[in-house]
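Secondary and tertiary structure notes
Given next are the chains, with one letter for each unit.
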Amino acid sequence: MQTQKKISETAARWFIRMQEAAPDAPERSQFEAWLLQHPAHQKEYLSISDAWQGLDSMNELKTMAQAKQADVFFKQSERKKTTRKLVGTLSGCMALLFIGWAGYQQYQTWQATPTLQLASETTRAQLVTQTLDDGSRVTLNANTQIEIKYYRNQRHIALLKGEAIFEVQRDAERPFVVETDRIKVTVLGTRFSVNKLSRLERVSVDHGKVEVASKTGEEKIILQNNQVGEFKQTRLQPRTNVSAQDYFKFTSGTLVFNQAELAEIAETLTRYNPTPVLADGLSKDHISAVVAVKDTNNFISTLPRIANIRIKQTSAGTLLETTPAAK
């Protein structure tokens, strides 16, 4: 009780001084320091301030600040103190909620700050393999561009163009995610490739397990050892009767086409040719072939014999043009 009485008297004195003090008075810093020393100081000062609204003059408050009159003052304001106590409790809860929210926001910012950030790009006919900080390896096919960002809760790769193989070190706390414009591939540890073409995107799994999700719809598929999935014409679906191993052979200088459309063949060959290879998109032929990267020009010259096309040189590049009879 003596401690409470002393706090109450001090609060009354500070209230009187603050009413008369100038805004830049040095004693204001002393008052603020006293106010922050303990929540009880704040409660008493608020009680004094509230009770002041019912007093007729500053002289009454000065009188009440004296020890003999303080008890009368505090009895009169006891009901208001109870209200202030409830408000103080609610304020404390709100403060805790705010602190929790602020801490959560700070944690989210910390999680969203990359620990590794880099970009990599290959040129025509160039093949590059990189080992990342966690031991994962990325092999970029020709004419490929990626952006790598590692976070504390995720390893993220953006495949902007081209084709890449990923050999992922397992980390249950940080999934490995590869994204293109149309699909999202999530893994923990595996070896797989992603090929980004204009008309389709292909995921091939050498070993392990990946989830492939469409970013334009709700389709999801799970691919495991030697399985292939393709996103084509707004649909995501597994590709049967093909071997995923075929789509890793570019690392040894071999291109494998499995019932491929001419548009896919043309775009793939462009990665290795001095000039772009184009297709008019009208051909209905599907071609299977195994081609050595060093022999792509010879392969192009043989295409009219295995498909209903003719080769035409234009200012834009080599055009694989569908013959009138095949349209």
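Residues numbered from 1 in each chain as written. Predicted model: local features only at pLDDT ≥ 70, side-chain atom pairs only at ≥ 80, totals over all residues. Heavy atoms only, no water.

The chain carries the name FecR family protein in an unreviewed UniProt entry, which gives Methylophilus luteus as its organism.

Moving on, we get to the overall build of the chain. Across its full length, the chain holds eight helices and 18 strands. In the chain, buried positions account for 40% of the 327 residues. Contacts in the chain between residues at least 24 apart in sequence constitute 45% of all its contacts with a sequence separation of at least 6. Roughly 18,300 Å² of accessible area belongs to the chain as shown, and the carbon and sulfur atoms make up 50% of that amount. (Helix = DSSP H or I, 4+ residues; strand = E, 2+ residues; numbered from the N terminus. Buried < 20%, exposed > 50% of the residue type's maximum accessible area, 1.4 Å probe, protein only. Contact = heavy atoms within 4.5 Å. Areas by Shrake-Rupley, 256 points an atom, 1.4 Å probe, with all protein chains shown as cover.)

Before going further, it helps to spend a moment on empty space enclosed by the protein. Counted by the stated rule, this structure contains two cavities of 30 Å³ or more. Reported here for the largest cavity is a volume of approximately 130 Å³. Surrounding the largest cavity, 17 residues form its lining, Glu163, Tyr247, Leu255, Val256 and Thr268 being those nearest its centre. Breaking the lining of the largest cavity down by element, the ones donating at least two residues are β14 (254–261) and α7 (262–270). Broken down by element, the residue count for the lining of the largest cavity peaks at four residues, all from β14. Here the second largest cavity defines a volume of roughly 60 Å³. Contributing to the lining of the second largest cavity are Leu197, Arg199, Leu200, Lys232, Glu261, Ala263, Glu264 and Glu267. (1 Å grid on protein atoms, 1.4 Å probe; cavity = no way out; pocket = protein on both sides within 12 Å on 5 of 7 lines; lining within 4 Å. Points joined across faces, edges and corners; volume = space filled by probe spheres on them.)

As a further point, take the layout of surface pockets. In this structure, the second largest pocket occupies an estimated 210 Å³ of space. Around the second largest pocket sit 15 residues that line it, and Leu200, Glu230, Lys232, Gln237 and Arg239 are the ones nearest its centre. Listing elements by their share of the lining of the second largest pocket, those giving two or more residues are β9 (200–207), β12 (228–232), β13 (235–239) and β14. Looking at the lining of the second largest pocket, its residues break down into three nonpolar, five polar and seven charged. (Nonpolar A, V, L, I, M, F, W, Y, C, P; charged D, E, K, R; others polar.)

On to the packing of aromatic side chains, then. Aromatic ring pairs are defined here through the distance separating the ring centres and the angle between the ring planes. Counted under the stated rule, the structure contains three aromatic pairs. Pairing Phe257 with Phe299 gives two aromatic rings, centres 6.1 Å apart and planes at 10 degrees, and the pair type is stacked. Taken as a pair, Phe257 in strand β14 and Phe299 in helix α8 (residues 296–306) lie far apart in primary sequence, 42 residues in all. As far as the burial class goes, Phe257 and Phe299 line up, both buried. Taken together, the ring pairs connect Phe166, Phe176 and Phe192 into an aromatic cluster. Taking the ring centre of Tyr247 as reference, the NZ or CZ of Arg202 above it sits at 4.3 Å. (Phe/Tyr/Trp six-rings, centres within 6.5 Å; stacked < 30°, edge-to-face > 60°. Lys NZ or Arg CZ within 6 Å of the ring centre and 35° of its normal.)

Once that is clear, we can look at the side chain of Asn195. Its location among the elements puts Asn195 in strand β8 (residues 191–196). Within the structure, the side chain of Asn195 is placed 2.7 Å from the side chain of Arg271, a separation counted as a polar contact. Setting aside chain neighbours within four positions, we find Asn195 in contact with Gly162, Glu163, Leu200, Glu201, Arg202 and Arg271. (Polar contact = N/O pair within 3.5 Å; in protein donor to acceptor, adjacent residues only side chain to side chain.)

This paragraph deals with unusual backbone geometry. Despite not being glycine, Asn143 has its phi angle at roughly 55 degrees, a positive value. If you trace the backbone, Asn143 turns up in the loop between β3 (137–140) and β4 (145–150). We note that Asn226 has phi near 65 degrees; this positive angle belongs to a residue other than glycine. Looking at where Asn226 falls in the secondary structure, it is placed in the loop between β11 (220–223) and β12. Accessibility expressed as a relative area gives 32% for Asn226, which makes it partly exposed.

All told, the structure shown has 15 salt bridges when counted by the stated rule. In this structure, Glu167 and Arg137 form a salt bridge, with 3.7 Å as the shortest nitrogen-oxygen distance. Here Glu167, found in strand β5 (residues 155–167), pairs with Arg137, found in strand β3; they are 30 residues apart in sequence, far enough to count as distant. Ionic pairing is found between Arg239 and Glu230, a salt bridge with its closest N-O pair at 2.9 Å. Looking at Glu230, the relative accessible area reads 9%, which means it is buried. (Salt bridge = Lys/Arg side-chain N within 4 Å of Asp/Glu carboxyl O.)

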